Amino acid sequence: MEKKQDPASGQEQNYDYIFEELDRQEQLRAGKPVITYPDGETEVASAPKTGISCLPAILILAAFQLILLSSAINQMLSSFFFGLTLMGISIWMSYAGDKKFQLQPLMILVSIIGFAIAYAATATLIYEASPFFDMELFKTRSVLGFGIGIAACGVALILSDIIVFTSRNTQVLATCLAIKIIGRINGRPYGNVIWKYEWEGVSYTSTSYNTIIGTLCDGSTDVIFINPANPGRIRTRRKTSSWTWGVVFLFIGSVLCWYYTALV
């Protein structure tokens, strides 16, 4: 999420915000439902908007119903739908952060697990339908394929972290506007944080991802790092390093590749 504000029109935008907020409060007093999005934005709910906002949850519930129904027919078919559901949840969680797609390392892992479950279930279904399917060869090649794929994800995460660290190196003081907690690492909550800051007289609002929350709260300030050539791009010193996840992925991929050599 990136927004730029012209200082000359800042006062007008402040007035707009005040009027919008007064209108929202009036709608609340009138008893009209209001949708609050993960990034803190709100708007009065209408039937189409309510339906769209509830659609992912409805689809997930439908998917679990399909899993339960298919389990009565074939356990592998149920596993296939379960794997697809995990992949769908990981994509939805990555998109729901601030209305744009931002795949989190944890969600990459969930997506890989979901794909592996669906992949294995599909192979089992084919094997049950065709006795000529070489399951042992399939397992061996699959170990190598997953090993290479997971290791490649690890390398991509490490390179991404290096690029972000080297390009976003100018300090500015920013105010925390909103926090969305995603999970915990060693008992410490982390998630997406919306920041507001100024650079060369221009006000910006941007989101940092995989940020350790710590003592952060709405309205608190902290130092963040921006790219002077593109001030809307930021990082924080609280960020959970992608290279840490990258090392984990690289390790898992390397173990799978080593296991493949042991199999052959």
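Residues numbered from 1 in each chain as written. Predicted model: local features only at pLDDT ≥ 70, side-chain atom pairs only at ≥ 80, totals over all residues. Heavy atoms only, no water.

A. Molecular detail of the overall build of the protein. Per the secondary structure count, the protein includes 6 helices and 8 strands. Counted from the first residue to the last, the protein has its helices and strands arranged as β-α-β-β-α-α-α-α-β-β-β-β-β-α. Every one of the 264 residues in the protein was classed for burial, and the buried ones make up 34%. Looking at the protein alone, contacts between residues at least 24 apart form 62% of all its contacts between residues at least 6 apart. Accessible surface for the protein amounts to roughly 15500 Å². Of this, 65% is attributable to carbon and sulfur atoms. (Helix = DSSP H or I, 4+ residues; strand = E, 2+ residues; numbered from the N terminus. Buried < 20%, exposed > 50% of the residue type's maximum accessible area, 1.4 Å probe, protein only. Contact = heavy atoms within 4.5 Å. Areas by Shrake-Rupley, 256 points an atom, 1.4 Å probe, with all protein chains shown as cover.)

B. Structural view of the nonpolar core. V193, W195, Y197, L216, I224, I226 and I234 are the most contacted members of the largest nonpolar core, which totals 13 residues. Those elements that provide at least two residues to this core are β4 (170-185), β5 (188-199), β6 (202-212) and β7 (221-227). Judged by nonpolar contacts, the second largest core, of 6 residues, contains I108, I112, I150 and F249. (Core = buried A, V, L, I, M, F, W, Y, C linked by side-chain atoms within 4.5 Å.)

C. Structural view of the environment of A178. Among the secondary structure elements, A178 is positioned in strand β4. By relative accessible area, which is 13% here, A178 ends up buried. Between the alpha carbons of A178 and T207 there is a distance of 9.3 Å; along the sequence they are 29 residues apart.

D. Quick peek at the environment of L106. Checked against the element boundaries, L106 lands in helix α4 (residues 105-129). Residues L106 and G183, 77 residues apart in the sequence, show an inter-C-alpha distance of 9.1 Å. Setting aside residues no more than four positions away along its own chain, L106 makes contact with Y190 and W245.

E. Expanded view of helix α6 (residues 242-263). Compared with an ideal rise of 1.5 Å per residue, which puts 22 residues at 32 Å, α6 spans 31 Å between its outermost C-alpha atoms and is within 8% of the ideal. Buried positions along α6 lie against α4 and α5 (135-167). (Expected span 1.5 Å × (residues − 1).)

F. Just the pattern of salt bridges, in detail. Across all of its chains, the model carries 1 salt bridge by this definition. A salt bridge links R237 to D222, with the shortest nitrogen-to-oxygen separation between them at 2.9 Å. Of the two residues, R237 sits in the loop between β8 (230-236) and α6 while D222 sits in strand β7, which places them 15 residues apart along the sequence. Residue D222 is classed as buried on the basis of its relative accessible area of 8%. (Salt bridge = Lys/Arg side-chain N within 4 Å of Asp/Glu carboxyl O.)

G. Representation of unusual backbone geometry. One non-glycine residue with positive phi stands out, namely E200, at about 55 degrees. Checked against the element boundaries, E200 lands in the loop between β5 and β6.

H. Structural context of the pairing of β8. Here β8 lies mainly inside the structure; 5 of its 7 residues are buried. As defined by bridge partners, β7 adjoins β8 across 4 bridges and the pair is classed as antiparallel. In the sheet register, N227 faces β8, and the bridge partner there is N230. Counting the residues that bridge the hairpin from β7 to β8 gives 2 residues. (Pairing = 2+ DSSP bridges.)

I. The pairing of β6, seen in detail. In terms of burial, β6 is a largely internal element, 11 of the 11 residues being buried. From the end of β5 to the start of β6, which pair antiparallel, there are 2 residues, and E200 there has a positive phi angle of about 55 degrees.

J. Main features of the confidence of the model for the protein. When pLDDT is averaged across the protein, the result is 78; 74% of the residues are at 70 or more. Here strand β1 (residues 2-5) is the element of the protein with the lowest mean pLDDT, 48, and β7 is the one with the highest, 92. Counting contacts from residues 7-15, a segment whose pLDDT is below 50, to residues more than four positions away or on other chains yields 4 contacts. (pLDDT = per-residue confidence, 0-100.)

K. Broad picture of α4. Here α4 contains 25 residues, and its C-alpha end-to-end distance of 36 Å stays within 8% of the 36 Å for a straight helix at 1.5 Å per residue. Taken together, the buried positions of α4 are P105, M107, I108, S111, I112, G114, A118, A121 and A123.

L. Summary view of the environment of D134. When you line up the elements, D134 lands in the loop between α4 and α5. Linking D134 and A123, residues 11 residues apart in sequence, is a C-alpha distance of 9.9 Å.

M. Molecular detail of the packing of aromatic side chains. The full count for this structure, using the stated rule, is 7 aromatic pairs. The interplanar angle of 65 degrees and the centroid separation of 5.5 Å between the aromatic rings of F80 and F81 together place this pair among those described as edge-to-face. For F80, a relative accessible area of 24% gives the class partly exposed. Looking at F81, the relative accessible area reads 22%, which means it is partly exposed. Pairing F115 with F146 gives two aromatic rings, centres 5.8 Å apart and planes at 45 degrees, and the pair type is tilted. Highlighted residues: F115 in helix α4 and F146 in helix α5, separated in sequence by 31 residues. Classification of F146 by relative accessible area gives buried; the value is 18%. One aromatic cluster is present, built from ring pairs that chain together F115, Y119, F133, F138 and F146. (Phe/Tyr/Trp six-rings, centres within 6.5 Å; stacked < 30°, edge-to-face > 60°.)

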